[in-house]
Amino acid sequence: MDCELLKSNWALLVAVGIGLIIVLVVLLQLIRRSAWGQLRETRRTLAEARQDEARTLRAIEKAERIARRLHEQAETTKPRHVQEAKEVLEDARMLAKIANDKVLVAENHVRRVILEEYPPVQQERLRKKYLPEQAPDKRPFSF
């Protein structure tokens with residue numbers, strides 16, 4: 001390219017650059033709105049929810065160990081510390097319940113995207129691939 005050509009057509013080069021940026025943004029939006037993009041996003045949310053649940057389960061185990069140790073040493077430990085350990089354990093259990101609820105919601109979102117965005121021929125395969133089998137509930141039906 002010649003320097004004179006750049007001087008006379010600088011506005012066209014800037015317009016081409018801006019146009020490329022706009023085209024890339026539009027393509028990214030189309031990809032995100034596609035069935036594949038929606039499924040990928042919901043799977044990412046599900047993975048994060050499962051990681052949070054695993055983290056809270058580890059926190060429960062840690063709180064249980066501490067509470068058990070303090071309970072065993074109750075005669076040499078201040079009652080306030082034992083009570084605080086029980087409260088921490090209860091908080092950890094509540095956080096685990098919230099994390100489990102988030103996992104259930106995320107799984108439901110993945111299921112919804114599969115049902116709404118994919119044809120029936122692919123739905124079963126996708127459910128098996130992205131949603132693990134759960135043990136059937138063996139409790140009797142009741143109101």
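None of these values were measured; they are calculated from a predicted model.

> In this structure, what is going on with the overall build of the protein? I would like to understand it.
Of the regular secondary structure elements, the protein holds five helices and zero strands. Overall, the protein shows an N-to-C arrangement of helices and strands of α-α-α-α-α. Its C-alpha atoms give the protein a radius of gyration of 27 Å, more than 25% over the compact-globule value 15 Å for 143 residues. Its C-alpha atoms give the protein principal-axis dimensions of roughly 90 × 45 × 25 Å. Buried residues in the protein amount to 20% of all 143 residues. Long-range contacts, defined as pairs at least 24 residues apart, comprise 70% of the intrachain contacts of the protein with a sequence gap of at least 6. When the accessible surface of the protein is split by element, carbon and sulfur atoms take 60% of a total near 11700 Å².

> Any chance you could explain the nonpolar core here in plain terms?
It is characteristic of soluble globular proteins that their nonpolar side chains tend to be buried jointly. Leu39, Leu46, Val110, Ile114, Tyr118, Leu126 and Tyr130 are the most contacted members of the largest nonpolar core, which totals 13 residues. Breaking this core down by element, the ones donating at least two residues are α3 (35-72), α4 (79-117) and α5 (120-130). Among the elements that line this core, the one with the most residues is α4, at five residues.

> Which parts of the structure should I look at to understand the packing of α4 against α5?
To describe two helices that pack against each other, one gives the angle between their axes and the distance between the axes. Taken N-terminus to C-terminus, the directions of α4 and α5 make an angle of 160 degrees; their axes are 9 Å apart at the nearest point. For the element pair α4 / α5, the angle class is roughly antiparallel. The element α4 and its partner α5 pack so that their crossing is right-handed. Two secondary-structure elements touch here, α4 through Val110, Arg111, Ile114 and Leu115 and α5 through Gln123, Leu126, Arg127 and Tyr130. Among the residues forming the contact of α4 with α5, the class breakdown is five nonpolar, one polar and two charged.

> In this structure, what is going on with the pattern of salt bridges? I would like to understand it.
Pairing is possible between side chains that carry opposite charge, provided their charged atoms lie close to one another. Taken as a whole and judged by the stated rule, the model has eight salt bridges. In this structure, Arg80 engages Glu84 in a salt bridge whose closest nitrogen and oxygen atoms are separated by 3.6 Å. One end of the pair is Arg80 and the other is Glu84, both in helix α4 and four residues apart, which spans about a single turn. The exposure class assigned to Arg80 is partly exposed, which follows from its relative accessible area of 46%.

> In this structure, what is going on with the side chain of Thr77? I would like to understand it.
In this structure, Thr77 sits in the loop between α3 and α4. You can call Thr77 buried: its relative accessible area is 14%. Residues contacting Thr77, with those up to four places away along its chain left out, are Leu70 and Val82.

> Quick question: what am I supposed to make of the packing of helix α2 (residues 10-33) against α3 here?
Their axes nearest at 4 Å, the elements α2 and α3 cross at an angle of 70 degrees. Judged on the interaxial angle alone, α3 and α2 are roughly perpendicular. Taking contact as the criterion, the partners of Ile31, Arg32 and Arg33 in α2 are, on α3, Ala35, Trp36, Gly37, Gln38 and Arg40. Of the residues contributing to the contact of α2 with α3, the split by class is three nonpolar, two polar and three charged.

The rules behind these values
Residues numbered from 1 in each chain as written. Predicted model: local features only at pLDDT ≥ 70, side-chain atom pairs only at ≥ 80, totals over all residues. Heavy atoms only, no water. Helix = DSSP H or I, 4+ residues; strand = E, 2+ residues; numbered from the N terminus. Rg over C-alpha atoms; globule rule 2.2 N^0.38 Å. Buried < 20%, exposed > 50% of the residue type's maximum accessible area, 1.4 Å probe, protein only. Contact = heavy atoms within 4.5 Å. Areas by Shrake-Rupley, 256 points an atom, 1.4 Å probe, with all protein chains shown as cover. Core = buried A, V, L, I, M, F, W, Y, C linked by side-chain atoms within 4.5 Å. Axes fitted to C-alpha atoms, helices over the stretch in contact; angles between N-to-C directions. Parallel < 35°, antiparallel > 145°, perpendicular 65-115°, else oblique. Left-handed = near helix turned anticlockwise from the far one by under 90°. Nonpolar A, V, L, I, M, F, W, Y, C, P; charged D, E, K, R; others polar. Salt bridge = Lys/Arg side-chain N within 4 Å of Asp/Glu carboxyl O.

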